[in-house]
Amino acid sequence: MIDTQKMRRLPLAHAISCILASASFAAAAQEQETTEPKADEAVEKISVVGSRIRNDGFDRALPVEVILADDAVSQGIGDVSELLRNSTVAAGSPQATAALSTALIQEGGAGSETISLRGLGANRTLVLLNGRRIGPAGTRGQVSSFDFNVLPLSAVERIEILKDGASSIYGSDAVAGVVNIITKKDDGGNVDVSYTQPMESGGEQFRINATYGQANENGSFRVTADYNLQTELAKKDRDWFQCGERYVFDAQTGERADLVDPRTGEFQCRDLLWGHVWMYDYQDSYTDDGNRPGNFTRIQYDYDGVLGNYIPAFNTDPNNPYHVGVPDGWFPVGYDAASDAVQDYQHPFFGLTSLIPKNERATVYATGDYQITDTMMVYGEALINRRETTINGYRQYWSYIYNENANFGNLFGGEPIVDGGGSSLSEGWTGANWLSPTPITDHSGSVTTVDYQRFVVGLTGDIGDTWYFDVSLQSSRSDGDYLNKIIYDDAISDNNFSTGSCVGTTSSVRGAACVDVPWLSPDLMRGVVSQEVRDFLFGEDVGNTVYKQQTFEAFASGDVFELPAGTVGAAVGIYYQKDEIVDTPGEATLAGNVWGASTAGITAGDDNTKAVFAEFQIPVLEDVFLAQKLDLTLSGRYTDVDSSGDDTTYKVGVNWTINDQLRFRGNRSTSFRSPALFELYLNEQTGSLRQSLADPCVRWGDALSQGNITQRTADNCAADGIAADYSGGAISATTVTSGGLGVLAPETSTSNTFGFIYKPSFVENLVMSIDFFDIEIEGEVTNLGGATITAQCYNSLDFANEPLCDQFDRDPLDQRISTIRGGYLNIASQVNRGYDVAVRYDFETEYGQFDVSLEGTVQQEASRQLFPTEDPEDRTGEFGRPEKVANFTLSWTSNEDWNVTWTARYIGSVSNHVRPFQNENEYNDTSTIRGQEVRLDFNDSGKMYHSLAVSKNLYDIDFTFGMANVLDQEPPKASDFGGVVRREGTSAFYSQYDWLGRRLFLNMSYDF
């Protein structure tokens, strides 16, 4: 019989069972507080994450970490994703966050927040809600993972993290582990309000929610409503993001060696070049007396009228028609240190760019159950959520135009200079050259709106005295619109290399009346655009993504037979899953009319998965020498996926209790992951990539001297026959990306874990544990972009045999990169191994209760091997992959029920001075920039983030007041050199670091 009242009277039973299996803080605490049941008491059997077999919950073999939602309150954390990112199983690897989506294209679209256990990828981490799969959410064609924006923290009681592969139990995407979110089910109601205020403006967070539930002998229900607002943090709001200094040092004295902008007297800010005319000059073919200073490519307008004080203007001979001629106020820049220092990098638009986007979420979540007979219960869940994410940005855009008197048709033969032979719109610009003006605009950004709904209905009950069953149907739907501010391609490309006005014509795609864009106007260059030109150039494009998932699962579990050491338990079941995606880009994208972006068709596809599974728990020994208890767990799963074929996975686990003080556990499992829908069905996307971005060999001599590429890249460009002063092709490279249906094979993986738990008898309430993990994925599916392919080709240690160099072509006439073939590939392997450590100690004094916990993860390897012919690249200890991460918590509860909690979160030291920089396995920290030897800084000694909170119930309201990032730790600084470290401003830009600074938080909670 299902005794619902008994289950509600023991709300900790489920948590305790997980905790006893865990190497986490909570594991030790709960284990100490639990006493063995008396012999004549009935022991409730429950199931925990990682197994479908019910037992008494004691001494599980699985490494499970339990995080209580209340832990978030004492740290000023307002959402589930941040709470998970701070766990050590996630903190040692890069995670997808809303902030990172402002600077990087990430799966799930703008604003998405996913979790990647061990850094193996969000689509290799299974997320469950109350033990059942929850469908993906997001926008664009690359949706495959659960977005934690969907579920509010207010609905969560705890989170269970299985730190081991579990494909044989849960399915193909449980490669790195499982995150199981358990929602609140208590009686009564609650209203909760919280607010977080950084000490500097920007990034404030407000949350309000209400929940109410009731239970009686027939059933229960609970309804939760939540509103959460994350305000924008713009780059201007924090000093460490405001200015991207080069951050280099004199190799001899150690003093800062950054260029100083003489116009400000400050170190130069290096963000995005703006307002330059890029010049493609051919005068050397016609005259030996050129007026081009060095290998300059950029011409800049003197807005303040002071450039002449620092650098020379063009020395143009009126009798030499091939010389570069420009109107007054324009200066060549970027050819030596002095002209580098006055280049315009930092536009005021920069400060208005989103670093953390505005994110607004509203959610309603309801759950209920009803006992229809003495042995059966029907249950259901409903989740409805809306998210709106707003990102502000700015960008460059450019065209290709003739100057006033160069006849392009004769530049490579004949007389190129002809009066009136160029464009009538380029007055004052003369010589044997053509131009690419590059203005800047704040017409950039996006608004993403995602509506998500999920419904579950199920039936569970007893079969006889020792078996139970569960049948459930889950359906989820994510419907997201993504609005992007765009530049119309037909407003630019139609008029590239035109010879005069376009007025009177219409654009080729929209049929809009053409407007002459004043490309060489200093105002347009700095973002001042007339309304007529703005209407012609700019617009908005809205796409839509719908992702649907339906699952059906039925299983039964119970006792099979008795052995001398105990009862054999078993679980058997069937599973069916259907996934569908339809991503429809906006009208302009479908028409190929978005400048500077890829063209894309409709991505549509579906897949069906069928599986059968079984699990057995076998007691082998009990109460014998060196084995108080020895259990063996076996599980297997047969999976058949329409798109990828079938495979069988297994798991073997051993749980060996030597005595009351020492227990060992170990597991070996295999996984099979079929490619996600977007990896299979992504419609062919073609885009253009400017040669300066696509080709790392463009003017590689200058790039090396300026510190923009490594010596290895320069050497490989030279080995490929590219001259040091090669100026690059005139035509952008074409990039091609598409899904791999019919080409991609499923991933396979093997996971091994081994650990022990020690509870010394001589120290009461002390528990320590260590769990070693070793995960290897074979044939991992990954997407390589165009710039990544060419950059990794020319940065290869084995350039002559580098397979990525076969993924692009160079035109034999002008050596430009013509086509880059990207897309999804099965790479050779990825390996992640290390160990988790946990210590918990609780004790009471006359001053109250003290709880101490320490949790840490040490990564020993986090390597990826793109091709079998290459050596693995191990990123352990680099930015984004710290070798060591840890969390420490000290909590004191006084006899008067005051609570003080101090939490310290440690991110270990990192260095990018070896693998990414020049020679493998050699430490490098120097380079030469414009002839000066400088020392580069790609190190950080580690960060410790502290939070402190005080809690007390006053007037029936629970108050928690605290401070996060107490010491106001800034993100680590890193040098700007060849993209070795990803930066925003001068700061390393990785998910482990705090970007808000010191902040106060207040939470008020009222129960009724």
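Residues numbered from 1 in each chain as written. Predicted model: local features only at pLDDT ≥ 70, side-chain atom pairs only at ≥ 80, totals over all residues. Heavy atoms only, no water.

A. Structural context of the side chain of Arg-133. The topology assignment puts Arg-133 in strand 3 (residues 132–133). Only 3.1 Å separates the side chain of Arg-133 from the backbone oxygen of Tyr-170, close enough to count as a polar contact. (Helix = DSSP H or I, 4+ residues; strand = E, 2+ residues; numbered from the N terminus. Polar contact = N/O pair within 3.5 Å; in protein donor to acceptor, adjacent residues only side chain to side chain.)

B. The arrangement of the confidence of the model for the chain in detail. For the chain, per-residue confidence averages 89 on the pLDDT scale, and 93% of positions sit at 70 or higher. Predicted confidence is poor over residues 1–46, with pLDDT under 50, and the contacts of this stretch with residues over four places away or in other chains come to 122 contacts. (pLDDT = per-residue confidence, 0-100. Contact = heavy atoms within 4.5 Å.)

C. Region of the structure containing the state of the cysteines. Applying the stated rule across the entire model yields four disulfides. A sulfur-sulfur separation of 2.0 Å characterises the disulfide bridge that pairs Cys-697 with Cys-717. The S-S bond linking Cys-697 to Cys-717 shows a torsion near -85°; that makes this disulfide left-handed. With a gap of 20 residues between them, Cys-697 in the loop between helix 14 (691–694) and helix 15 (700–705) and Cys-717 in helix 16 (residues 711–719) connect regions that are remote in the sequence. (Disulfide = S-S within 2.5 Å.)

D. Quick peek at helix 17 (residues 786–794). The complete set of buried residues in helix 17 reads Gly-786, Ile-789, Thr-790, Cys-793 and Tyr-794. All buried residues of helix 17 fall inside an arc of 115° around its axis, so they share one side. (Buried < 20%, exposed > 50% of the residue type's maximum accessible area, 1.4 Å probe, protein only. Arc of directions from axis to C-beta.)

E. Broad picture of helix 16. Within the span of helix 16, buried status applies to Arg-712, Thr-713, Ala-714, Asn-716 and Cys-717. Buried residues in helix 16 make contact with helix 15 and helix 17. A positive phi of about 80° marks Gly-721, the residue just after helix 16.

F. Examining the nonpolar core more closely. Residues Val-277, Ile-299, Tyr-397 and Leu-537 are the most contacted members of the largest nonpolar core, which totals 43 residues. Only strand 13 (276–281), strand 15 (330–333), strand 21 (433–438), strand 24 (467–487), helix 10 (522–525) and helix 11 (531–537) provide two or more residues apiece to this core. Setting aside its immediate chain neighbours within four residues, Leu-537 contacts Tyr-397, Ile-486, Ile-487, Tyr-488, Ala-491, Ile-492 and Val-517. The next biggest cluster of nonpolar side chains, apart from the first, holds 34 residues, and it includes Ile-134, Phe-146, Ala-176 and Val-179. (Core = buried A, V, L, I, M, F, W, Y, C linked by side-chain atoms within 4.5 Å.)

G. Representation of the sheet that holds strand 47 (residues 932–936) within the structure. With antiparallel pairing, three strands are arranged side by side in an open sheet as 10-47-46. Whereas interior strands pair on both sides, the edge strands pair on one side only; in this sheet they are strand 10 (248–250) and strand 46 (926–929). Across the sheet, the axes of successive neighbouring strands diverge by a mean angle of 50°, strand direction being ignored. Bridge count for strand 10 against strand 47 is three bridges, and the pairing is antiparallel. Looking at the pairing, Phe-249 lines up with Arg-935 of strand 47. (Pairing = 2+ DSSP bridges. Axes fitted to C-alpha atoms, helices over the stretch in contact; angles between N-to-C directions.)

H. Representation of the pattern of salt bridges. Counting across every chain of the model gives 46 salt bridges. The network of salt bridges with shared partners includes Glu-65, Arg-118, Lys-163 and Asp-836. (Salt bridge = Lys/Arg side-chain N within 4 Å of Asp/Glu carboxyl O.)

I. Seen up close, a nonpolar patch on the surface. Together, Val-191, Tyr-212, Phe-221, Val-223, Val-364, Ile-384, Phe-455, Tyr-1006 and Phe-1008 give the surface a local cluster of nonpolar side chains, amounting to about 780 Å² of exposed area. Tracing the backbone through its elements, the reader meets Val-191 in strand 6 (residues 188–198). Overall, the relative accessible area of 32% leaves Val-191 in the partly exposed class. (Patch = residues over 30% accessible without salt bridge, like charges linked within 9 Å, V, L, I, M, F, W, Y side chains within 5 Å. Areas by Shrake-Rupley, 256 points an atom, 1.4 Å probe, with all protein chains shown as cover.)

J. Structural context of the packing of aromatic side chains. Inspection of every chain in the model, using the stated rule, returns 33 aromatic pairs. Arranged with centres 5.8 Å apart and planes meeting at 10°, the rings of Tyr-400 and Phe-497 form a pair that is stacked. Of the two residues, Tyr-400 is situated in the loop between strand 19 (395–396) and strand 20 (401–402) and Phe-497 in the loop between strand 24 and helix 10; the sequence distance between them amounts to 97 residues. We classify Tyr-400 as buried; its relative accessible area is 10%. An aromatic cluster of three or more residues is present, and its members are Trp-274, Tyr-301, Tyr-303, Trp-330 and Trp-429. Stacked on the ring of Tyr-990, the Lys or Arg Arg-982 has its end atom at 4.3 Å from the ring centre. (Phe/Tyr/Trp six-rings, centres within 6.5 Å; stacked < 30°, edge-to-face > 60°. Lys NZ or Arg CZ within 6 Å of the ring centre and 35° of its normal.)

K. How the structure looks around the pairing of strand 8 (residues 219–230). Direction of pairing for strand 7 (residues 205–215) relative to strand 8: antiparallel, over a ladder of eleven bridges. Its bridge partner lying in strand 8, Ala-215 is registered against Ser-220. Turn length for the strand 7-strand 8 hairpin, with the two strands adjacent in sequence and antiparallel, is three residues. Where strand 8 meets strand 17 (residues 358–371), twelve bridges bridge the pair, whose relative direction is antiparallel. Bridging from a neighbouring strand, Tyr-227 pairs with Ala-362 of strand 17.

L. Region of the structure containing the sheet that holds strand 21. Pairing is antiparallel in the open sheet, where five strands are placed in the order 15-14-13-21-20. Of all the strands in the sheet, the pair left with one neighbour each is strand 15 and strand 20. Of the strand pairs in this sheet, strand 13 and strand 21 are connected by six bridges, and their pairing is antiparallel. Bridge pairing in strand 21 links Asp-281 to Asn-433.

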